[in-house]
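# Architecture and fold: a report
Take a look at the letters that make up each chain.
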Amino acid sequence: MAEYKWPDADKRTFIGKRISRIDGPQKVSGRAKYSSDVNRPGMLFGKIVRSPHAHAKVKSIDTSAIEKWPGVKAIHVIAEPGTELYWAGASVVALAAVDEPTAEDAMQAVKVEYEVLPHLVIDTDTKSAGEFAKQATENKTGDPDKGFSEAEVTIEGNYGLPMITHCCLEPHGSVMEWDGDNVVAHLSTQAVSGSVALIARPLEIPATSVRVQQDHIGGGFGSKFGPDEWDITAARLSKKAGGKPVKMFNPRDAELMVAGARPSDYARVKIGLKKDGTITAWESQSWGTGGIGGGGSPPIPYIFNVPNQRKQHTNIVNHVGSARAWRAPNHPQAAAITMTALEDAAAALNMDPYDFFLKNIELTGQRAQIYSDELKIAADLIDWKKDWHSRGDKTPGHMKRGLGLSIHTWGGLGHASDCDLTIQPDGSVELKMGTQDLGTGTRTALDIIVADTLGIPMNAVKISIGDSRFPTSGGSGGSTTIGGISASSRRASLDALDQIFAKAAPALDAKPEDLEAVSGTIRVKSNPSKSLTWAQACSKLGATPLTVRGKNPGPGSLTNQGVGGAQMADVSVDIETGIVRINKIVAVQDCGLIIDLKTAESQVYGALIMGVCYALYEEKIMDAKTGRMLNPNMEFYKLAGIGDIGELKVHMMTGKGYDERGVIGLGEPPVVSPGAVISNAVANAIGVRVPYLPLTPDRVLEALEKKGGNNARI
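Everything numeric in this text was worked out from a predicted model, so none of it was measured.

For the rest of this paragraph, the subject is the layout of surface pockets. Where empty space is left in the structure can be found by rolling a water-sized probe over the atoms. Roughly 950 Å³ of volume is contained in the second largest pocket. Lining the second largest pocket are 32 residues, with Arg490, Leu494, Leu497, Glu516 and Ala517 positioned closest to its centre. Among the elements of the structure, helix 11 (442–454), helix 12 (481–504) and strand 23 (515–518) are those that each provide at least two residues to the lining of the second largest pocket. With six residues, helix 12 is the largest single contributor of residues to the lining of the second largest pocket.

Next comes the structure, spelled out in C-alpha cells:
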C-alpha cells in the first residue's frame, strides 16, 4: 500500500525544479482561448443599462422604443420599478442584439426614471459619515493603560490606504447558451466546479443541467468566484432569444465601477515604547469601507502581538459599489498600517528598523525564527547595513534615497479536491480535474506531480482541467489551490502506481513492494537491470484502462498552512516633483515544499508588481457630489508599467525545515508587504511620513510641506 508522502529530495525528478509552463507556447502565440475569446454560431451581444446615480430608486422603465427593433432579440428588466439601487453603475435593464453597435444604440433608447436618494461615497472622515458610520465595540487586550504608563516614548500617527478596484485584463463576463433544457456557461471564473449550483439556482433548473467550461482566465485575484448577476442575466436573455448564445462581458468602465473593490482602511495609531525598543502598548482607532456591505476590521497590529492593546473600528457603509476579496483580504491594509507605524516608532528612537524588528521578533509567535532568518537574507540581498541611513537622506541634491522593510503571513492550506487519473494499456496517462488555472501554472504543477510520481516524462501526461464535468475541485482563492490539487493528484498517482506494480511484479519475479518507477521503467529496487518499460508494464492491464480517484483531504500530510515572508525596498524620491521611483525590491518567502520553483518565483514577481501598483498609483476616485467614480478607465485608473517596477529579487526558503511541511499556497502572501515597504522607504528617503497610499506626487509634496503628520513624545 502506498505511503502518502512527498519524495525525498534525492528522489525528485521534476518536483522543485525550474520548469517552464506547459501552456506557455499557447499563451505567447495567442492560441490560448479565454472565455472572452469564445464566439459561438448565431451569438448575440448583451449590454446593460446602468444607473447613473449612487443611490436611487427606480420609478419607471420604458423599453417600448426597442421592443420592435429587428436587431434586438431579447430584453430583460433586472431592477423592477420600486427597486432601490445602492451605487452608480447598478444594473437596471439588459438586452441582447445581433451585434454590439445595435446593442449600444438600443441602450440609449431605453428610458428609466429615478428617484434620487442621499448618498455617501467619501470614506476619509468618520464624522461626516453620520448614520453610515457603524462603530464597533472597543476591543481590549492586556492592560493598555499600564502599558502606556510604562512607556518611555510614545508615538502617534495616521496611516491608511484607499479603496482600489479590481482591474483584471479580462473583464468579468461569460457566453451563455441553452441546449434544450441545459445551459453551457463559458464563464470567466475562479471556481469552475463551484459555479454550477450558483447558475442553476436562480434559473430554477437542476444543477445536472449546467455545464461550466473555461480554458484560461485573464485574471481574477479574488473577484471572480462564481457567476455574477450579469452572467445569470445573459442566460435569461439567451432563453428569451430561443437559446441563442449571448455574450456578456463588462465594458471597462462598468468593470471598474461594479466588479468589486478592495476595501479601504485608515487608522490613528499610538504606540508605547521603551527607549531600548521594547513595545509596551498599542492603541488604534481605525475605519474604512468596502461599500454598501462595509469592509470589516483589519487585523491590527499585524503579526506583532503587542501584549497591551486597545482598538476600535468604525465600519463605513456607503455607496461606492461592493467589496470583493482582493489577494490576501485585509492583510495589505493591516501591513500598511502596522509596519509603517512600527517604522515610525523605530525612527522616533533613532533606531535601525531592522534592529527594531529583530528586537521585538518574539512578538510574532511561532514563526519568529523564520522571520529572523528571512530578514537577514533580505538584508544581505539589498545591502541594508551598507545603504540604510537614519530618516531623511542628507546628501545634496533633489533626489533622495531610502530603504524600508515589512513582514507578512498567510494560511494557504489546500482545499478539497478530487481528480481522476487514467492509465491506458498503451501507457498513455490523463489526469482530469474540475480545477482552473488562474495563470499561476496549475496545469504545469499537475503535470510535474503525476510525471514525477509515475517516473515518466512530462510530455507523456495529458492534463485536462477547466470543465465542471470533471471531478470536483475547490475554487482558486485563499492560496488554497496548489495544496489541494497537488495532494489529490499525488495520492491518485501513488494509488495507480501501486496497481501497476501489482500487475508488473509477476513478470519481474518480484513482490509489488520491491518495485519502483524510474526514468520510464518499472524496475526492481535491488536489481535495476530487472525492469519493464512503462508501456510494457501498462500492457499488463489487459484491455481495460485503470482509473483511480484521488482526493484531498486524505491520508498522509501532503499540504499544510501558515507561511511567513519578509520584504525590503530601495527607492528614490524627487523632492522637487514628488515622484517616487523603485530602485529595487527584494522578497524572501517560504511556502513549504515547492512544486515548480520557476512558477513559484513568478507568483512572487507578480505580487511585487501588483504591490507597486497599489503603493504608487491605484485609487478608486469618487466624486462626492455626484457619487460617481471619476476614473473608470485605463487612462486614469493608473497601473505600473514595465519601467516603473525597478529591479525585483526573489529568494524562496526551501530545503530542510520547509520541504517536510508539505505544499502551502503562495498566491496571497507576497502581495501583502509592498505597500508598507515602499511607504517606509519613502519615509526613510525624505524624512517624513506620507500617511496614506498611493504615494502620488501631490501626497509626497504635501507631506514635505507639512513636515509629516506623525509625532513622538518622550
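Text resumes after the structure shown.
Split into domains, the protein chain comes out as domain 1 (35–118 + 172–249), domain 2 (331–412 + 561–711) and domain 3 (414–552). Placing a centre on the C-alpha atoms of domain 1 and another on those of domain 2 gives a separation of 40 Å. With four residues of domain 1 at the contact, the number on the domain 2 side is four residues. Buried surface at the junction of domain 1 and domain 2, summed over both partners, amounts to about 280 Å²; 68% is from carbon and sulfur atoms. Looking only at domain 1, the three residues that lose the most surface to domain 2 are Pro52, Ala54 and Phe221, adding up to 78% of its buried area. Viewed at the interface, domain 2 and domain 1 are joined by zero residue pairs in polar contact (both at pLDDT 80 or more).

All right, on to the packing of helix 11 against helix 12 then. Their axes nearest at 9 Å, the elements helix 11 and helix 12 cross at an angle of 25 degrees. Relative to helix 12, helix 11 is oriented roughly parallel. The hand of the helix 11/helix 12 crossing is right-handed. When helix 11 is examined against helix 12, the residues Thr442, Ala445, Leu446, Ile449, Val450, Thr453 and Leu454 are found in contact with a partner set consisting of Thr481, Ile482, Ile485, Ser486, Ser489, Arg490, Ser493, Leu494 and Leu497.

Glancing now at the sheet that holds strand 26 (residues 546–552). For sheets, the rule is that strands pair by backbone hydrogen bonds, running either parallel or antiparallel. Reading across the sheet, the four strands line up as 22-21-20-26 and stay open at both edges, with mixed pairing between neighbours. The open sheet has two edge strands, strand 22 (461–464) and strand 26, and neither has a second partner. Strand-to-strand, the axes of this sheet are offset by a mean angle of 20 degrees, without reference to chain direction. Relative to strand 26, strand 20 (residues 417–423) runs antiparallel, the two being bridged by seven bridges. Directly across from Ser417, in strand 26, lies its bridge partner Asn552.

The rules behind the values
Residues numbered from 1 in each chain as written. Predicted model: local features only at pLDDT ≥ 70, side-chain atom pairs only at ≥ 80, totals over all residues. Heavy atoms only, no water. 1 Å grid on protein atoms, 1.4 Å probe; cavity = no way out; pocket = protein on both sides within 12 Å on 5 of 7 lines; lining within 4 Å. Points joined across faces, edges and corners; volume = space filled by probe spheres on them. Helix = DSSP H or I, 4+ residues; strand = E, 2+ residues; numbered from the N terminus. Domains from an automatic or database assignment. Contact = heavy atoms within 4.5 Å. Buried area = accessible area lost by both parts, 1.4 Å probe. Polar contact = N/O pair within 3.5 Å; in protein donor to acceptor, adjacent residues only side chain to side chain. Axes fitted to C-alpha atoms, helices over the stretch in contact; angles between N-to-C directions. Parallel < 35°, antiparallel > 145°, perpendicular 65-115°, else oblique. Left-handed = near helix turned anticlockwise from the far one by under 90°. Pairing = 2+ DSSP bridges.

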